[in-house]
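Notes for the structure review
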Amino acid sequence: DAGVTQSPTHLIKTRGQQVTLRCSPKSGHDTVSWYQQALGQGPQFIFQYYEEEERQRGNFPDRFSGHQFPNYSSELNVNALLLGDSALYLCASKILTGTGHTEAFFGQGTRLTVV
Amino acid sequence: AQTVTQSQPEMSVQEAETVTLSCTYDTSESDYYLFWYKQPPSRQMILVIRQEAYKQQNATENRFSVNFQKAAKSFSLKISDSQLGDAAMYFCAYRRVNFGNEKLTFGTGTRLTIIP
């Protein structure tokens, strides 16, 4: 069973460009969250998608937008890239455990470098 | 707003010894979850252990255990019989308990080195 898969693994963009990152959740998972992890920092919550709608949003500007498809996969779009957007972008999907708790299951991330 | 603080940027331990990583948090909520995640060089965040705030008993998972002090808002991770594979970044995280909330608030991490 494949876990959470993200693509691409690395990419380099120029300041001012737009980028799209992709995430396929673990089979059966219906909720996807995105995080930004700057170098030397912990991940910061960007937003969460469930039933193709944004349900929660962190403190990120409107340049960060997303989408969830009927198959639960998701995209993160960032417009007008800034040097400060360089980071590891992590996707997490939700699993309901046997104890009734939910926990996040993470992908390996996309390393974005803005030059 | 909830905050999570990890005051130890780096820790090291001899293989087979025990090490404790510290975490403090701030919240006005009475019910929440606390987590320790491990991030190896592969970059994938892996759940190590979870603690529900309403439970007084400290969580344990094999060689990993926590010391949860709710009044002090402290949540430390103890790794016993350290192994080379334990080398990684460790992040403490907090999540409120309410329907549909998936937001994790992370600390800045502790880099753990295992000395052979």
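As a starting point, this report considers the structure included with it. Since the structure is predicted, the reported quantities are computational estimates derived from the model, not experimental observations.

Notes on the overall build of chain B
- In terms of helices and strands, chain B carries zero helices and 12 strands.
- Sequence-ordered secondary structure for chain B, helices as α and strands as β, is β-β-β-β-β-β-β-β-β-β-β-β.
- Oriented by its inertia axes, the alpha-carbon framework of chain B measures out at about 45 × 30 × 25 Å.
- With 116 residues in all, chain B has 48% of them scored as buried.
- Of the contacts made within chain B by residues no fewer than 6 positions apart, 54% connect residues no fewer than 24 positions apart.

Looking at the layout of surface pockets
- The space that makes up the largest pocket amounts to roughly 420 Å³.
- Lining the largest pocket are 22 residues, and of these Gln37 and Gly40 of chain A together with Gln39, Met89 and Arg111 of chain B lie nearest its centre.
- At the level of secondary structure, the elements contributing two or more residues to the lining of the largest pocket comprise β10 (88-96) and β12 (110-115) of chain B.
- Looking at the lining of the largest pocket element by element, the count peaks at three residues for β10 of chain B.
- Classifying every residue of the lining of the largest pocket by side-chain character gives 11 nonpolar, seven polar and four charged.

Observations concerning empty space enclosed by the protein
- Using the criterion set out here, one finds one cavity of 30 Å³ or more in the structure.
- Estimates place the volume of the largest cavity at around 60 Å³.
- If you trace the largest cavity, you find it lined by Thr31, Ser33, Tyr35, Ala92, Ser93, Lys94 and Ala104 of chain A together with Glu102 and Leu104 of chain B.
- Where the lining of the largest cavity is concerned, the elements lending two or more residues are β4 (31-37) and β9 (87-96) of chain A.
- For the lining of the largest cavity, the per-class residue count stands at four nonpolar, three polar and two charged.

Overview of the pattern of salt bridges
All names here are of chain B.
- According to the stated counting rule, one finds nine salt bridges over all chains in the structure shown.
- Between lysine 73 and aspartate 26 there is a salt bridge, with the nearest N and O atoms lying 3.6 Å from each other. Here the residue lysine 73 occupies a position in the loop between β8 (64-69) and β9 (74-79), and aspartate 26 occupies one in strand β4 (residues 24-26), the gap between them amounting to 47 residues.
- For lysine 73, a relative accessible area of 26% translates into the label partly exposed.
- Relative accessible area serves as the criterion here: at 40%, aspartate 26 is assigned to the partly exposed category.
- In this structure, the salt-bridge partner of glutamate 52 is arginine 50, at a minimum N-O distance of 3.0 Å.
- When its relative accessible area of 5% is taken as the criterion, glutamate 52 is described as buried.
- Beyond isolated ion pairs, a larger network of salt bridges with shared partners links Arg50, Glu52 and Lys55.

Things to note about the sheet that holds strand β1 (residues 5-7) of chain A
All names here are of chain A.
- Strand order in the open sheet formed by four strands is β1-β3-β8-β7, and the pairing between neighbours is antiparallel. A strand with exactly one partner marks an edge of an open sheet, and here the two such strands are β1 and β7 (64-68). On average, adjacent strands in this sheet sit at an angle of 20° to one another, irrespective of strand direction.
- Note that β7 and strand β8 (residues 74-78) share five bridges and pair antiparallel. Each residue of the ladder has a partner; that of phenylalanine 64, found in β8, is valine 78.

Observations regarding the interface of chain A and chain B
- Each side of the interface is counted separately: chain A has 28 residues, and chain B has 21 residues.
- Contact between chain A and chain B buries roughly 2,000 Å² in total, counting both sides, with carbon and sulfur atoms accounting for 46%.
- The tally of links between chain A and chain B comes to zero salt bridges.
- Taken together, the connections running from chain A to chain B amount to seven residue pairs in polar contact (both at pLDDT 80 or more).
- Within the residue set of the side of chain A that touches chain B, elements represented by two or more residues are β4, β5 (44-50), β9, β10 (102-106) and β11 (110-114) of chain A.
- Grouping the constituent residues of the side of chain A that touches chain B by class yields eight nonpolar, 17 polar and three charged.

Conventions we followed
Residues numbered from 1 in each chain as written. Chains lettered and ligands numbered in written order. Predicted model: local features only at pLDDT ≥ 70, side-chain atom pairs only at ≥ 80, totals over all residues. Heavy atoms only, no water. Helix = DSSP H or I, 4+ residues; strand = E, 2+ residues; numbered from the N terminus. Buried < 20%, exposed > 50% of the residue type's maximum accessible area, 1.4 Å probe, protein only. Contact = heavy atoms within 4.5 Å. 1 Å grid on protein atoms, 1.4 Å probe; cavity = no way out; pocket = protein on both sides within 12 Å on 5 of 7 lines; lining within 4 Å. Points joined across faces, edges and corners; volume = space filled by probe spheres on them. Nonpolar A, V, L, I, M, F, W, Y, C, P; charged D, E, K, R; others polar. Salt bridge = Lys/Arg side-chain N within 4 Å of Asp/Glu carboxyl O. Pairing = 2+ DSSP bridges. Axes fitted to C-alpha atoms, helices over the stretch in contact; angles between N-to-C directions. Buried area = accessible area lost by both parts, 1.4 Å probe. Polar contact = N/O pair within 3.5 Å; in protein donor to acceptor, adjacent residues only side chain to side chain.

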